[in-house]
Amino acid sequence: MVSVSRDTAGDASLDVVVVGAGFAGLYLLHRLRSLGFSVRVYEAASGVGGTWYWNRYPGARCDVESVDYSYSFSPELEQEWTWTERYAAQPEILAYLEHVADRFDLRRDIQFDTRITSCHFDETTDRWTLLTDGGERVVAPYCVMATGCLSTTKLPRVPGVESFAGPTFHTGQWPHEPVDFSGQRVGVIGTGSSAIQSIPHLARQAAQLVIFQRTPNFSVPAWNHPLDPDYVAEVKAAYPERRELCRQSQAGFPIEGTPGSASTATEEERAAQFGAKWQEGGLRFLGAFGDLLIDPAANEAASEFLRTKIRERVEDPAIAALLSPTDYPCGTKRLCVDTGYYETFNRDNVTLVDLRRSPIEAITPTGVVTTEATYEFDALVFATGFDAMTGTLANIDIRGTDDLPLIEKWHDGPRSYLGLAASGFPNLFFITGPGSPSVLSNMVVSIEQHVDWIADCLDHLRRTGLGRIEATPEAEEQWVDLVAQLAGLSLFEKANSWYIGANVEGKPRVFMPYLGGVNTYRAQCDEIAANGYQGFSLREGAHRVEARVR
Ligand code: FAD
Ligand code: NAP
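Source: prediction; values computed, not measured.

Novice: Could you give an account of the packing of aromatic side chains, naming the residues involved and the relevant values?
Specialist: Summed over all chains, the structure comprises 39 aromatic pairs. Taken together, a centroid distance of 6.1 Å and an interplanar angle of 50 degrees make the contact between Tyr27 and Tyr71 tilted. Of this pair, Tyr27 sits in helix α1 (residues 23–34) while Tyr71 sits in the loop between α2 (51–54) and α3 (75–80), placing them 44 residues apart in sequence. Its relative accessible area of 5% is what places Tyr27 among the buried residues. The buried category is assigned to Tyr71, whose relative accessible area is 1%. A cation over an aromatic ring shows up here: Lys333 above the ring of Tyr328, its NZ or CZ 5.7 Å from the ring centre.

Next up, the structure:
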């Protein structure tokens with residue numbers, strides 16, 4: 001446990017405050033510390049890990065292959081850590097992040113069990129003042145929000161949602177101790193990625209499992225398996241090239257070459273390619289052709305292929321039809337990666353309730369009431385997702401120049417420059433913020449790129465004696481337009497996804513991630529930095545950050 005004073009307002013030695021200790025916050029702390037900055041991280045959880053600290057539901061695992069869903073910044077770390085499965089389960093990913101925290105001695109600068117509640121910019125000192133839920137005040141010239149895109153859970157807006165008398169669980173806030181559903185009647189609300197991973201496990205334990213589905217999702221098998229030591233050795237031997245492939249790819253995966261077009265392929269070629277990608281498993285399916293997320297006909301061919309697979313996996317044709325999405329293009333809601341999800345519906349103890357036919361009217365102390373039936377449960381699982389990308393930032397009272405609240409600036413949708421910064425909010429950075437590739441990529445690749453860019457930027461400011469950086473309104477405007485234009489060229493706006501804010505009532509319908517690809521995005525960020533941080537206004541600040549060796 002790091003020892004800190006109750007009030008660090010007078011601590012002139014603090015250069016950067018970081019909020020969050022997941023993949024992003026941990027690497028940022030390491031990187032900035034190595035550059036001699038004084039950094040402190042504040043984390044609401046009792047430990048490191050972020051997503052992998054909170055999402056402990058049965059079946060939780062990554063959907064990007066473990067050997068790629070990991071840091072590239074340390075060749076020693078790459079060599080000493082050995083992933084055991086193609087897609088590591090949550091305990092293994094958490095153990096990895098705990099290992100990183102220990103190996104790089106990070107915990108001494110992290111204050112756990114501390115939530116940042118507000119973050120205000122003082123124009124007379126060019127510093128940010130943050131308040132914690134414990135009443136501490138923290139002041140620093142720079143602040144970085146490493147608060148995560150999927151870190152604020154969401155309950156359904158249903159009458160009586162808090163009234164259930166038995167135990168309730170949200171997949172994104174799962175207990176630390178094992179939960180035993182043996183012999184119980186369990187209800188699950190939601191059929192997104194978290195539900196699709198947990199349902200097969202819950203079905204094996206519970207006496208009865210009832211799944212409440214509003215929108216079916218497309219899912220591809222993970223074909224998860226233990227990693228062969230020879231394969232791991234091969235990956236480790238070629239890590240530098242593999243990581244570079246990820247950085248130079250569209251989505252952060254080590255894929256060589258450009259996929260062809262489904263619209264110009266023959267039916268046989270399409271079937272062969274979809275079949276091959278299905279056999280590879282997981283998110284690679286969407287890389288079958290380059291136009292799947294642009295061309296409606298190409299997408300429909302892929303969607304129909306996936307629906308055929310659902311029909312093959314589910315015995316009852318009526319259930320298969322309910323599980324088959326028909327009203328949005330595959331991939332425009334996050335493609336799911338499963339192990340035995342569809343087969344779970346062949347079990348006698350599993351029931352699927354179609355909420356489109358009979359919506360939930362209320363949750364009561366004993367169960368769930370739909371317009372057609374009443375279901376009694378011993379336990380209820382909410383797999384109802386997150387207020388993604390902006391929800392966690394909105395929960396912090398962030399105010400920039402002229403006391404402008406970030407939520408007011410973002411009232412009609414998030415506005416940022418590069419997803420890294422916002423005009424009116426000097427010296428504040430977001431990691432994988434809205435307007436960056438973030439959730440459409442292998443997040444670790446995007447996180448490392450953002451951390452490196454911010455660290456280089458702060459180093460540049462220190463070396464040049466400048467202390468204040470702010471995105472210009474013009475650059476921000478152009479970037480917001482570009483993000484919207486790219487979204488408009490794609491099929492993404494056709495789905496009611498969390499990418500577009502559709503899962504949160506009242507949230508503006510704006511597609512939030514940048515669709516140009518991590519490769520193009522990286523080149524743009526690098527060019528902007530090389531051109532003296534084009535689109536940012538830089539000037540001397542009212543403070544000076546000195547170089548220090550730690
Ligand atoms: P997080 O891991 O979300 O960490 C943010 C931290 O900030 C949290 O610990 C939170 O407690 C803390 N925090 C937030 N607000 C405050 C505050 N006000 N005060 C103090 N602390 C605060 N991405 C992939 O690329 N591949 C995957 O396979 C993948 N699988 C996923 C599986 C699940 C179940 C989920 C939910 C997400 C998955 N993601 C995946 C996305 C995942 O969120 C990122 O890959 C990555 O872990 C994000 O790291 P982060 O550090 O940016 O944010
Ligand atoms: P999600 O994809 O947003 O799914 C939430 C589910 O709850 C949806 O099926 C949604 O239905 C349903 N729901 C929400 N409110 C409801 C209501 N009032 N009534 C009925 N149903 C309701 O959330 P998630 O499954 O937690 O996944 C979020 C993201 O985290 C994923 O997209 C992915 O990026 C990441 N993740 C990754 C993995 C992985 O495989 N590594 C696993 C879990 C999560 P509607 O679709 O109709 O809104």
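Novice: How would you summarise the nonpolar core if you had to cite specific residues and measurements?
Specialist: Judged by nonpolar contacts, the single largest core of 108 residues is most densely connected at Phe23, Tyr71, Trp453 and Phe536. Counting residues per element, this core draws most heavily on helix α13 (residues 443–463), which supplies 10 residues. Once residues within four sequence positions are removed from consideration, Tyr71 is found in contact with Gly22, Phe23, Leu26, Tyr27, Leu77, Glu78, Tyr96, Leu97, Val100, Arg243, Val444 and Glu448. Counting 29 residues, the second-largest nonpolar core is a separate cluster that includes Tyr57, Ala203, Ala320 and Leu352.

Novice: Can you tell me about the site of ligand 2, naming the residues and giving the values?
Specialist: Around ligand 2 sit 24 residues, and of these Arg61, Thr191, Ser194, Arg214 and Thr215 come closest. Between ligand 2 and the protein, one listed contact pairs an oxygen atom with a side-chain N or O atom of Trp498 at 2.9 Å. For ligand 2, whose free accessible area comes to 910 Å², the fraction covered by protein is 89%. With three residues, the top contributor of residues to the shell around ligand 2 is helix α5 (residues 193–205). Of the residues belonging to the shell around ligand 2, the class tally is nine nonpolar, nine polar and six charged.

Novice: Just give me the short version of the site of ligand 1, but keep the residues and values in it.
Specialist: Close contacts around ligand 1 come from 33 residues, with Glu43, Thr51, Asp63, Tyr69 and Met443 the closest. The contact in question runs from an oxygen atom of ligand 1 to an N or O atom on the backbone of Ala24, over 2.9 Å. Mapped onto the shell around ligand 1, the elements with two or more residues apiece are α1, α2 and α13. Broken down by element, the residue count for the shell around ligand 1 peaks at three residues, all from α2.

Novice: Outline unusual backbone geometry, listing residues and values.
Specialist: Keep in mind that most residues, glycine aside, have a negative phi and that most peptide bonds are trans. If you check the backbone angles, Asp402 has positive phi at about 55 degrees while not being a glycine. Along the polypeptide, Asp402 turns up in the loop between β18 (397–399) and α12 (406–409). On the basis of relative accessibility, which here comes to 68%, the residue Asp402 falls in the exposed class. Here the phi dihedral of Asn427 falls at roughly 60 degrees; this positive angle occurs in a residue that is not glycine. Mapped onto the elements, Asn427 comes out in the loop between α12 and β19 (428–430).

Novice: Give a detailed account of the sheet that holds strand β9 (residues 185–189), specifying residues and quantitative values.
Specialist: The five strands are arranged β8-β17-β9-β10-β13 in an open sheet whose pairing can be described as parallel. Strand pairing shows two members of the sheet lacking a second neighbour, β8 (168–170) and β13 (350–354), which therefore form its edges. Averaged over all adjacent pairs, the angle separating strand axes in this sheet is 20 degrees, with direction ignored. In this sheet, strand β10 (residues 208–213) lies alongside β9 in parallel orientation, the contact comprising five bridges. When the bridges of β10 are listed, Arg185 appears paired with Gln208.

Novice: Account for the side chain of Asn349, naming residues and giving values.
Specialist: Within the fold, Asn349 resides in the loop between β12 (336–338) and β13. For Asn349, a relative accessible area of 15% gives the class buried. Among the polar contacts listed, one links the side chain of Asn349 to the side chain of Arg347, at a separation of 3.0 Å. Residues in contact with Asn349, not counting those within four places in the same chain, are Ala203, Ala206, Ala207, Gln208 and Leu209.

Novice: Outline the pairing of strand β4 (residues 116–122), supporting the account with residue identities and numerical values.
Specialist: The pairing of β4 with strand β5 (residues 127–132) spans six bridges and is antiparallel. Opposite Asp122, over in β5, you have Arg127 as the bridge partner. The antiparallel hairpin formed by β4 and β5 contains four residues in its connecting segment, where Asp126 sits at a positive phi of about 55 degrees. Bridge analysis of β4 against β18 gives three bridges, and the strand direction is parallel. For His120, the partnering residue across the bridge sits in β18 and is Arg399.

Novice: An account of the packing of α1 against α13 is needed here, citing residue identities and associated values.
Specialist: Remark: α1 packs on α13, axes separated minimally by 9 Å, with the N-to-C direction vectors making an angle of 35 degrees. In terms of crossing hand, the pair formed by α1 and α13 is right-handed. Counting all contacts with α1, which are made through Phe23, Ala24, Tyr27, Leu28, Arg31 and Leu32, the residues of α13 involved are Val444, Ile447, Glu448, Val451, Asp452, Ala455, Asp456 and Leu458. In the contact of α1 with α13, the residues fall into 10 nonpolar, no polar and four charged.

Novice: Residue-level account of the pattern of salt bridges, with values.
Specialist: In total, this model carries 36 salt bridges according to the counting rule given. For Glu85, the salt bridge identified is with Arg61, shortest N-O distance 3.3 Å. With Glu85 in the loop between α3 and α4 (90–103) and Arg61 in the loop between α2 and α3, this pair connects stretches of sequence that are 24 residues apart. Across the pair Asp105 and Arg108 runs a salt bridge whose closest N-O atoms are separated by 2.7 Å. For Asp105, a relative accessible area of 40% gives the class partly exposed. Take Arg108: its relative accessible area is 39%, and that puts it in the partly exposed class. Residues joined in a network through salt bridges with shared partners are Glu65, Arg86, Lys277, Glu280 and Arg284.

Scoring rules and cut-offs
Just so you know, the residues in each chain are numbered from 1, in the order the chain's sequence is written. As they are written, the chains are lettered A onward and the ligands numbered 1 onward, keeping that order. For this predicted model, a pLDDT threshold of at least 70 governs which residues receive local features, and a threshold of 80 or more governs which side-chain atom pairs are given and counted, while totals over whole chains, interfaces and linings are taken from all residues. Only hydrogens and water are set aside when side-chain values are computed; all heavy atoms of the structure are taken into account. The aromatic pairing rule takes the rings of Phe, Tyr and Trp, using the six-membered ring of Trp, and pairs them if the centres are within 6.5 Å, calling planes under 30 degrees apart stacked, those over 60 edge-to-face and the rest tilted. The helix and strand labels rest on DSSP assignments: H or I over at least four residues marks a helix, E over at least two residues marks a strand, and numbering proceeds from the N terminus. We call a residue buried when its accessible area falls under 20% of the maximum for its residue type, exposed when it is over 50%, and partly exposed in between, using a 1.4 Å probe and counting protein chains only. Lysine NZ or arginine CZ positioned within 6 Å of the ring centre and within 35 degrees of the ring normal marks a charge as sitting over the ring. Nonpolar cores are built from buried Ala, Val, Leu, Ile, Met, Phe, Trp, Tyr and Cys residues. Side-chain atoms within 4.5 Å join them into one set. Pairs of residues are marked as contacts when any of their non-hydrogen atoms sit within 4.5 Å. One heavy atom suffices: a residue is near a molecule or strand as soon as one of its heavy atoms comes within 4 Å of it. Two N or O atoms form a polar contact when they lie within 3.5 Å of each other; inside protein one atom must be a possible hydrogen donor and the other a possible acceptor, and for residues adjacent in sequence the pair counts only when both atoms belong to side chains. Where accessible areas are quoted, they stem from the Shrake-Rupley method and a 1.4 Å probe; at the residue level, only the protein chains shown are allowed to cover. Amino acid classes used here: Ala, Val, Leu, Ile, Met, Phe, Trp, Tyr, Cys and Pro are nonpolar; Asp, Glu, Lys and Arg are charged; the rest, including Gly, are polar. One requirement defines pairing of two strands: DSSP has to find at least two bridges between them. Axis definition: a line fitted to C-alpha atoms, over the contacting stretch in the case of helices. Angles run 0 to 180 degrees between N-to-C directions. The sense of a crossing depends on the near helix, which, turned anticlockwise from the far helix by less than a right angle, makes the crossing left-handed and, turned clockwise, makes it right-handed. Salt bridges are identified by distance alone: a Lys or Arg side-chain nitrogen within 4 Å of an Asp or Glu carboxyl oxygen.

Coordinates in, geometry out; function isn't part of it.
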